[in-house]
Amino acid sequence: MIRRVLELCAVAVCSALLGAQAYAGAKMISGSPRAEKVNAANASRRIAAQSAPREKWTGTKAIIFDAETKSLRKPTAVEVAQMVQSLRQLTTRPARISPKIAANGVQQGDISGAFAQVLVARARPDGSVETKCVQTFDEAAEFLGLEPEAAQ
Amino acid sequence: MKTIARLFLFIAIAIFAAAPAFAGANIFIINNDGPNEGFNDPTAAAPVGGNPGTTLGLQRQFAFVHAANIWGSTLDSNVDIYVVAAFNPLAPNVLGSAGAWDVFSDFAGTPPFPGSAFPLTWYNSALADKRGGYDQDVTSPDINAQFSSNFNFYLGLDANHGAQLDLVAVLLHELGHGLGFQNFVNEVTGANLGNFFDGPRFYPLQTDVYSQFTLDITNNLLWSNMTNAQRAASAVRFGRVVWTGPAVTAAVPSVLSFGSPEVRVLSPAAIAGAYQFGAASFGTPIGNPGITGSVIAAVDAANVTGPTTTDGCTPFTNAAAVAGKIALIERGTCGFTLKVRNAQDAGAIGAIIYNNAANAGATAPGMATDPVIGPTITITSVSLTRPDGLAILGQLGGGVTASIKVDLSIRAGADAAGRARLYAPFPVAPGSSISHFDTVAFRNQLMEPAINGDLTHSVKPPEDMTLPLMRDIGWFPDADVDGVADGNDNCPTVANGDQANYDGDSQGDACDPDDDNDGVPDVNDQNPFSDIRPTVQIGTCDSGAPNGIAFPTGLTIQDRINALLATNPNHGQLVSGVNVIIQEAEDLGLITKNQRKAIHACAAHN
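Residues numbered from 1 in each chain as written. Chains lettered and ligands numbered in written order. Predicted model: local features only at pLDDT ≥ 70, side-chain atom pairs only at ≥ 80, totals over all residues. Heavy atoms only, no water.

**Here's the deal with the confidence of the model for chain A**
Close reading of the predicted structure is inappropriate where its pLDDT is low. Summing up the model confidence of chain A, the mean pLDDT is 78 and the portion of residues at 70 or higher is 76%. Across residues 1-20 of chain A, where pLDDT falls below 50, the model places 32 contacts with residues more than four positions away in sequence or in other chains. (pLDDT = per-residue confidence, 0-100. Contact = heavy atoms within 4.5 Å.)

Below, the structure is given as structure tokens:
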């Protein structure tokens with residue numbers, strides 16, 4: 001009986017130690033190999049965005065709050081180009097999803113964050129911002145008032 | 001030896017008792033910034049709003065950890081969640097992005113973890129880990145996030161952001177997407193995620209867990225059961241796409257307020273329902289009781305002021321027919337105010353302006369006023385998309401009745417049945433559409449497409465419905481993260497995946513202070529798991545005498561007889577030993593004299 005009690009106790013202690021995953025709170029860490037895939041994907045998107053044909057876009061809406069004049073203004077050509085490049089990079093989707101099938105039959109879709117939401121903002125006259133959560137370049141461009149120059 | 005055993009048990013119980021009541025989910029934020037940038041920016045900063053960081057980088061870290069802690073203390077998982085995060089110099093007005101890194105389907109759980117609830121259904125990585133009970137991919141993050149290092153976010157932790165954009169609210173929103181508040185559908189084509197080739201194997205497009213709860217009330221079909229064409233059509237049915245999960249529906253009454261501004265077609269049935277509309281900043285605002293009436297197309301002269309007979313730019317030629325009704329007018333050529341003023345002059349009680357062909361793909365616009373005509377307008381007016389306007393126009397021959405009012409019987413952001421509405425604007429906004437709550441929700445919700453200034457940092461009722469939605473998609477509450485949902489767990493705050501329950505009562509052994517239910521607390525019990533068979537038995541002889549009531553030591557009569565039998569006594573030793581036990585039991589009132597005799601008889605005949 002004593003052995004049984006000891007066995008039960010051992011199981012109980014192990015269960016407690018293994019199972020009681022105390023909430024330790026969120027933590028910042030660095031140097032994780034899990035970041036490598038992200039860096040590779042980001043680099044790939046950056047290259048794709050930079051090597052894409054140079055697009056001519058224009059800002060048609062006053063979406064930037066000018067701190068000096070305390071008023072809204074349209075983005076400059078440089079700012080528009082920066083927006084287009086950032087948005088292209090953030091909204092570029094892989095042409096093909098990389099599949100993985102585990103031995104146990106689990107299907108994994110390595111979407112590499114392809115369905116990430118992108119937060120864009122436009123300034124209001126009082127300097128506050130109006131935001132929108134989008135997923136495509138076109139939706140972001142519409143919200144920010146960016147139009148291809150050919151459409152002007 | 002028994003003392004040692006009791007001590008060991010006491011230690012175990014003490015460890016159990018020290019286990020946290022709410023285990024949560026550990027979230028690790030992988031700082032993906034280099035030296036002196038982003039999270040590591042050394043620029044000095046004054047502590048703000050409870051954020052104690054003294055550099056810009058540290059303040060970003062504190063804000064990130066604060067947001068992650070809100071989610072981490074709310075959701076439960078035994079698998080750590082990894083978020084790769086960075087602050088990068090993004091372009092002006094581009095604030096950041098975040099989302100799930102991987103998706104998984106058809107994964108079994110390590111018992112008792114339940115695994116996927118729906119077959120052939122994608123789950124985001126963190127949720128798949130939680131339901132599987134193990135890390136589906138130990139080489140990948142669960143969420144990828146990056147934010148602008150150029151943008152001046154409010155970095156305080158207190159939501160007191162003034163005119164600035166609150167980074168913590170932004171992070172809660174974006175992490176919410178990464179944790180599962182999103183579908184994986186292309187809302188333009190309606191296509192699900194899939195089309196995978198793995199060597200010769202082909203994996204077809206398949207639905208996702210979010211779509212399992214996304215319902216179009218027009219055809220009463222879940223998105224998971226629709227064709228691509230049906231999903232694409234549903235994505236722009238404003239007001240008619242709702243969330244069917246029971247947790248969100250249960251939360252609606254405590255979160256959303258009564259009083260939904262509605263443009264609603266009441267008849268005919270073919271087009272009845274709520275319509276996406278743009279409000280006017282002139283005339284009488286939409287209110288209650290609002291207006292209800294027949295809809296009639298306005299007719300005016302086609303002339304230089306307005307080239308068509310439908311544009312309403314000149315006085316109506318069918319004013320008599322329009323009087324007392326709601327005028328339907330096409331957008332274009334002249335301003336909104338002039339059109340509505342002409343309707344008012346014709347005696348209309350309200351006006352609906354629908355987009356013209358030039359704006360066929362545009363949303364229902366907000367209608368600005370002007371200083372000349374605007375102040376003269378007293379009736380209520382709204383704008384509609386072109387598809388909606390044409391749908392009404394096409395039914396006018398049989399009569400159309402509509403209302404424009406704040407419907408006090410409907411909660412803002414819910415349908416008439418009390419289900420939360422999802423954002424389904426026209427034109428479709430891929431990514432925004434469906435994967436957010438509707439913008440008409442009030443109070444404002446964390447997971448609307450925009451980060452509204454009045455958000456608190458709460459993700460649960462009575463402020464918010466995000467946590468209930470997480471519950472619906474499979475983030476079941478599991479305070480001890482043992483894989484058994486709290487509602488079904490016989491020890492909800494102590495990990496006991498096996499759910500062992502020796503005495504069969506309502507508490508599992510891991511948390512039961514009296515495992516054998518013998519009335520002697522385990523800490524005082526010489527055998528917490530006594531032999532609690534109902535009657536005393538010796539060999540094949542059942543005495544019929546009760547066994548369940550224990551001696552003060554916590555041992556049952558059967559325990560003591562078992563211990564005696566374990567010494568391999570001869571017949572005489574057995575009978576005399578049993579007699580000692582049962583005499584003591586009788587003396588303590590645990591058994592009667594006749595019951596003692598019955599046990600003795602079993603011993604004597606063994």
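**Regarding the pattern of salt bridges**
Enumeration over the complete set of coordinates arrives at 17 salt bridges over all chains. Across the pair Asp135(B) and Arg34(A) runs a salt bridge whose closest N-O atoms are separated by 2.8 Å. With one member in each of two chains, Asp135(B) in the loop between α3 (125-132) and β6 (143-148) and Arg34(A) in helix α2 (residues 34-51) form a pair that bridges those chains. For Asp135(B), a relative accessible area of 17% corresponds to the buried category. By sharing partners, the salt bridges in this structure join Glu262(B), Arg264(B), Arg421(B) and Asp438(B) into a single network. (Salt bridge = Lys/Arg side-chain N within 4 Å of Asp/Glu carboxyl O. Helix = DSSP H or I, 4+ residues; strand = E, 2+ residues; numbered from the N terminus. Buried < 20%, exposed > 50% of the residue type's maximum accessible area, 1.4 Å probe, protein only.)

**Concerning the packing of aromatic side chains**
All names here are of chain B. Counting across every chain of the model gives 16 aromatic pairs over all chains. Ring geometry for Phe64 versus Phe147: centroids 6.0 Å apart, planes at 65°, classification edge-to-face. Taken together, the residues Phe64 in helix α2 (residues 56-72) and Phe147 in strand β6 connect sequence positions 83 residues apart. Considered together, Phe64 and Phe147 belong to a single accessibility category, that of buried residues. The interplanar angle of 80° and the centroid separation of 5.1 Å between the aromatic rings of Phe181 and Phe437 together place this pair among those described as edge-to-face. (Phe/Tyr/Trp six-rings, centres within 6.5 Å; stacked < 30°, edge-to-face > 60°.)

**Structural notes on the environment of Asp514(B)**
Residue and element names in this part refer to chain B. Along the polypeptide, Asp514 turns up in the loop between α10 (466-473) and β21 (535-538). Residues Asp514 and Asp503, eleven residues apart in the sequence, show an inter-C-alpha distance of 8.7 Å. The contact partners of Asp514, leaving out residues within four places of it in the chain, are Asp503, Gly519, Val520, Asp522 and Asp525.

**Considering the sheet that holds strand β8 (residues 129-134) of chain A**
The mixed open sheet is built from seven strands, whose spatial order is β1(A)-β1(B)-β2(B)-β6(B)-β3(B)-β7(A)-β8(A). Each edge of the open sheet is held by one strand with a lone partner, namely β1 (27-30) and β8 of chain A. Pairs of neighbouring strands in the sheet enclose a mean axial angle of 25°, with direction left out of account. Where strand β2 (residues 81-88) of chain B and β6(B) come together, six bridges link them in parallel fashion. Its bridge partner lying in β6(B), Ala86(B) is registered against Gln146(B). Seen against the sheet, α2(A) touches β1 (27-31), β2 and β6 of chain B and runs at an angle of roughly 45° to β2(B). (Pairing = 2+ DSSP bridges. Axes fitted to C-alpha atoms, helices over the stretch in contact; angles between N-to-C directions.)

**Digging into the side chain of Asp531(B)**
Tracing the sequence through the fold places Asp531(B) in the loop between α10 and β21. Sequence-distant contacts of Asp531(B), that is, excluding residues within four places in its chain, are made with Tyr502(B), Asn547(B), Thr556(B), Gln558(B), Asp559(B) and Asn562(B).

**Focus: the nonpolar core**
Judged by nonpolar contacts, the single largest core of 78 residues is most densely connected at Phe64(B) and Trp71(B). The dominant element in this core, judged by the number of residues it contributes, is helix α4 (residues 167-179) of chain B, at eight residues. When neighbours within four sequence positions are excluded, Trp71(B) is seen to be in contact with Ile27(B), Leu172(B), Leu175(B), Gly176(B), Leu179(B), Leu446(B), Val459(B), Thr466(B) and Met470(B). Ile63(A), Val120(A), Ala140(A) and Ala91(B) belong to the second-largest nonpolar core, a separate cluster that totals 20 residues. (Core = buried A, V, L, I, M, F, W, Y, C linked by side-chain atoms within 4.5 Å.)

**Digging into the packing of α2(A) against helix α3 (residues 77-91) of chain A**
Residues and elements named next belong to chain A. Axis separation between α2 and α3 bottoms out at 8 Å; the angle between their running directions is 135°. In terms of orientation, α2 lies oblique with respect to α3. The crossing of α2 and α3 is right-handed. The segment α2 lies against α3, with Asn42, Arg45, Arg46, Ala49 and Gln50 engaging Gln85, Arg88 and Gln89. A class-by-class count of the residues in the contact of α2 with α3 yields one nonpolar, four polar and three charged. (Parallel < 35°, antiparallel > 145°, perpendicular 65-115°, else oblique. Left-handed = near helix turned anticlockwise from the far one by under 90°. Nonpolar A, V, L, I, M, F, W, Y, C, P; charged D, E, K, R; others polar.)

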